[in-house]
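# Analysis of the macromolecular model
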Amino acid sequence: MQKYEVDQEQRDTPNSLEYVDALEHALDKNEVTLFFTESPTNPFLRCVDIELVSKLCHSKGTLVCVDGTFATPLNQKALALGADIVLHSATKYIAGHNDVLGGCISGSEKLISAVRTLHNIFGWCS
Ligand SMILES: Cc1ncc(COP(=O)(O)O)c(C=O)c1O
């Protein structure tokens, strides 16, 4: 991430008081552009309170991105809970047979257009 001049801080144990305190502290201390989390997490299947973290992050102007791969879009509606961007690795439960590589990203047209532009610039498949 340093290559892209991105500072990052990692935390485990979502939803513990310590985790929420650390998030509030990080949001207060830094100009945080994006909060990224898996929910449920791999490999421990810990679930994040997406509504809570979205409220905290949005109060500081921070975007929220949730990787919902392990829940599938059927079982978790992160956008409805307040997230700005949702990712799914379609390689896993969506495809289901371990024979497909893919992924999907959802969010507002504005955000997804920006992601698409970066895809084009960096040359990833889009
Ligand atoms: C939660 C989660 N998201 C994304 C990925 C990456 O998926 P892919 O193999 O499709 O790149 C993984 C891989 O283990 C994962 O556990």
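Please read these numbers as outputs of a predicted model, since none were measured by experiment. (Residues numbered from 1 in each chain as written. Predicted model: local features only at pLDDT ≥ 70, side-chain atom pairs only at ≥ 80, totals over all residues. Heavy atoms only, no water.)

### What to know about the site of the ligand
- If you check the shell around the ligand, you find Glu38, Asn42, Asp67, Thr69, Phe70, Ser89, Thr91, Lys92 and Gly102 and nothing else.
- One of the side-chain N or O atoms of Thr69 is found 3.3 Å from a nitrogen atom in the ligand.
- Here an oxygen atom of the ligand and a side-chain polar atom of Thr91 are 2.6 Å apart.
- Starting from 390 Å² of accessible surface for the ligand in isolation, the protein chains cover 62%.
- Within the shell around the ligand, the residues separate by chemical class into one nonpolar, five polar and three charged. (Near = heavy atom within 4 Å. Polar contact = N/O pair within 3.5 Å; in protein donor to acceptor, adjacent residues only side chain to side chain. Areas by Shrake-Rupley, 256 points an atom, 1.4 Å probe, with all protein chains shown as cover. Nonpolar A, V, L, I, M, F, W, Y, C, P; charged D, E, K, R; others polar.)

### Some thoughts on unusual backbone geometry
- Here Ser39 and Pro40 are connected by a cis peptide whose omega angle stands at -5 degrees.
- By the secondary structure assignment, Pro40 is in the loop between strand S1 (34-38) and helix H2 (50-59).
- Put simply, Asn42 and Pro43 share a cis peptide bond, and its omega is 15 degrees.
- With respect to the helices, strands and loops of the structure, Pro43 is situated in the loop between S1 and H2.
- If you check the backbone angles, Thr72 has positive phi at about 70 degrees while not being a glycine. (Helix = DSSP H or I, 4+ residues; strand = E, 2+ residues; numbered from the N terminus.)

### Some words on the side chain of Thr37
- Mapped onto the secondary structure, Thr37 falls in strand S1.
- Residue classification places Thr37 among the buried residues on the basis of a relative accessible area of 8%.
- Here Thr37 is in contact with Tyr19, Val48, Cys65, Val66 and Asp67, once residues within four sequence places are set aside. (Buried < 20%, exposed > 50% of the residue type's maximum accessible area, 1.4 Å probe, protein only. Contact = heavy atoms within 4.5 Å.)

### Some words on the pattern of salt bridges
- Counted according to the given criterion, the structure contains one salt bridge.
- The salt bridge partner of Asp28 is Lys60, with a shortest N-O separation of 2.8 Å. With Asp28 in helix H1 (residues 17-29) and Lys60 in the loop between H2 and strand S2 (63-67), this residue pair connects regions lying 32 residues apart in the sequence.
- Asp28 sits in the exposed class, given a relative accessible area of 53%.
- We classify Lys60 as partly exposed; its relative accessible area is 45%. (Salt bridge = Lys/Arg side-chain N within 4 Å of Asp/Glu carboxyl O.)

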